[in-house]
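# Coordinates in review
The residues making up each chain are set out below.
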Amino acid sequence: YLFTASARADGSSKFTKGHRWGFFPSGAFAWRFSKENWMKGLRWLDDGKLRTSYGLTGNNRVGDFSAYGSIILGDYYAINNVIAECFVPSNLGNSELTWESTAQADIGLDLYMFGSRVNFTADVYRKTTSNLLLQANVPYSSGYTTVYKNVGKVRNDGLELTLNTVNVKTRNFKWTSDFNIAFNRDKVLELAEGEESILSKVNFTGGDYKDTYLYIAQVGKPLASFYGFVWDGVYGYDDFDITASGDYVLKNDVPANGNARSSIRPGDIKYVDQNKDGDVTDADIVVIGRANPIHTGGVNNNFIYKKICKIK
């Protein structure tokens, strides 16, 4: 039976007095069941261990002076366009800012079998992060758009599996394989005060999508989802009426794509009119995909011949 425990206190000068210290304990317990008398008859099992742990970790990754209000030296156009130097506020600050904390619980199983030629490890975890250090929206009447706050809560649930095998082992040749796969699901549990969702922009330099909201985080949903219009193909000739002069005019019962109906032509992109109002607007933007993969993993094979050639 194995038991470990630790406790640590971290301090950060990024926070104001009274909020600088965070306490982060942890503990772990393991049971090596392969050492029990009633397990010794299983010759195929070399070692087996069941593990569980729980602990807290902290995060203070904000700017060095995010907790403090600040001013900068700027220019001010006074009477008769005479430029006068002045100091202007640049950061609202938040003296209540403190540590972000993450609590994680883990249950694991380790198996070493058949002379350690087959090794298997499984881990299930739940990780909950609270008091996130985020740029929270504030009323524009404050003179600012955002300020750092400890807001929100996010949860990650995961499963990780690893299998290592020694497939062939002779005097001159050895072949081993490694396989791993991991599943993770995240969920937003809370956002800033009164918020049900947060939109995030794309900050690419240039391009049609610069400063466009393309990601959304919603309470009860995954942390980041792609957000936009649903593509519905392109306009065909049957979507238009042809005038006597040969111009194409979009039929009244065919939704526009956000552009002026008179400017739309066959071959232009078409979007799904979600609310069926006859025109595609921001009201038709929906979640269109996940930002995280369903799973990640890999397979490696190693071949060694006489210790002079290794192929991976």
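Relevant structure appears above.
Throughout what follows, the structure given in this document is the object of discussion. A quick note: this is a predicted structure, and the numbers were derived from the prediction, not measured. (Residues numbered from 1 in each chain as written. Predicted model: local features only at pLDDT ≥ 70, side-chain atom pairs only at ≥ 80, totals over all residues. Heavy atoms only, no water.)

## Observations concerning the overall build of the protein chain
A tally of regular secondary structure across the protein chain gives 0 helices and 19 strands. For a compact globule of 312 residues, the expected C-alpha radius of gyration is about 20 Å, and the protein chain comes in at 30 Å, more than 25% above that figure. The principal-axis extent of the C-alpha atoms belonging to the protein chain is close to 90 × 65 × 40 Å. For the protein chain, the residues scored as buried account for 27% of the 312 residues in total. Here the protein chain has roughly 20,600 Å² of accessible surface; of this, 55% comes from carbon and sulfur atoms. Charged side chains in the protein chain number 35 positive and 34 negative. The centres of these two groups are separated by 17 Å. (Helix = DSSP H or I, 4+ residues; strand = E, 2+ residues; numbered from the N terminus. Rg over C-alpha atoms; globule rule 2.2 N^0.38 Å. Buried < 20%, exposed > 50% of the residue type's maximum accessible area, 1.4 Å probe, protein only. Areas by Shrake-Rupley, 256 points an atom, 1.4 Å probe, with all protein chains shown as cover. Lys, Arg positive; Asp, Glu negative; His and termini not counted. Charge placed at Lys NZ, Arg CZ, Asp CG, Glu CD.)

## Considerations on the environment of L73
Along the chain, L73 falls in strand β4 (residues 70-77). Between the alpha carbons of L73 and S90 there is a distance of 9.5 Å; along the sequence they are 17 residues apart. Excluding residues that lie within four positions of it along the chain, L73 makes contacts with E85, C86 and F87. (Contact = heavy atoms within 4.5 Å.)

## Quick notes on the side chain of T176
Among the structural elements, T176 can be located in strand β9 (residues 173-190). When near neighbours in sequence (up to four residues on either side) are disregarded, T176 contacts T165, V166, N167, N300, N301 and N302.

## Things to note about the packing of aromatic side chains
Using the criterion set out here, one finds 13 aromatic pairs in the structure. Seen from their ring centres, Y215 and F226 are 5.5 Å apart, and the 45° between their planes marks the pair as tilted. Of this pair, Y215 sits in strand β11 (residues 213-218) while F226 sits in strand β12 (residues 225-228), placing them 11 residues apart in sequence. Looking at Y215, the relative accessible area reads 28%, which means it is partly exposed. With 5.9 Å between their ring centres and 80° between their planes, F240 and Y248 make a pair best called edge-to-face. Feature note: the residues Y235, Y237, F240 and Y248 constitute an aromatic cluster, connected by ring pairs. (Phe/Tyr/Trp six-rings, centres within 6.5 Å; stacked < 30°, edge-to-face > 60°.)

## Remarks on the environment of E193
For E193, the position within the fold is in the loop between β9 and β10 (197-201). In this structure the C-alpha to C-alpha distance between E193 and V234, which are 41 residues apart in sequence, comes to 42 Å. For E193, the residues in contact, after removing those within four places along its chain, are K149 and V151.

## Points about the nonpolar core
Counting 7 residues, the largest nonpolar core consists of F15, F24, V62, A67, L97, W99 and L133. Ignoring any residue separated from it by four or fewer positions in sequence, one finds A67 in contact with K14, F15, T16, G93, N94, S95 and L97. In this structure, F240, L250, A256 and I264 belong to the second largest nonpolar core, which totals 6 residues. (Core = buried A, V, L, I, M, F, W, Y, C linked by side-chain atoms within 4.5 Å.)

## Details of unusual backbone geometry
The backbone of S116 shows a phi angle near 60°, a positive value even though the residue is not glycine. Considering the arrangement of structural elements, one finds S116 in the loop between β6 (100-113) and β7 (118-137). Positive phi values are uncommon outside glycine, yet N131 reaches one of about 55°. For N131, the location among the structural elements is in strand β7.

## Quick word on the sheet that holds β11
Strand order in the open sheet formed by 4 strands is β10-β11-β12-β17, and the pairing between neighbours is antiparallel. The two strands at the open ends of the sheet, each matched to only one other strand, are β10 and β17 (286-290). Averaged over all pairs of adjacent strands, the angle between strand axes in this sheet comes to 40°, irrespective of strand direction. The sheet contact formed by β11 and β12 spans 2 bridges and is antiparallel. Its bridge partner being in β12, I216 is matched across the sheet by S225. (Pairing = 2+ DSSP bridges. Axes fitted to C-alpha atoms, helices over the stretch in contact; angles between N-to-C directions.)

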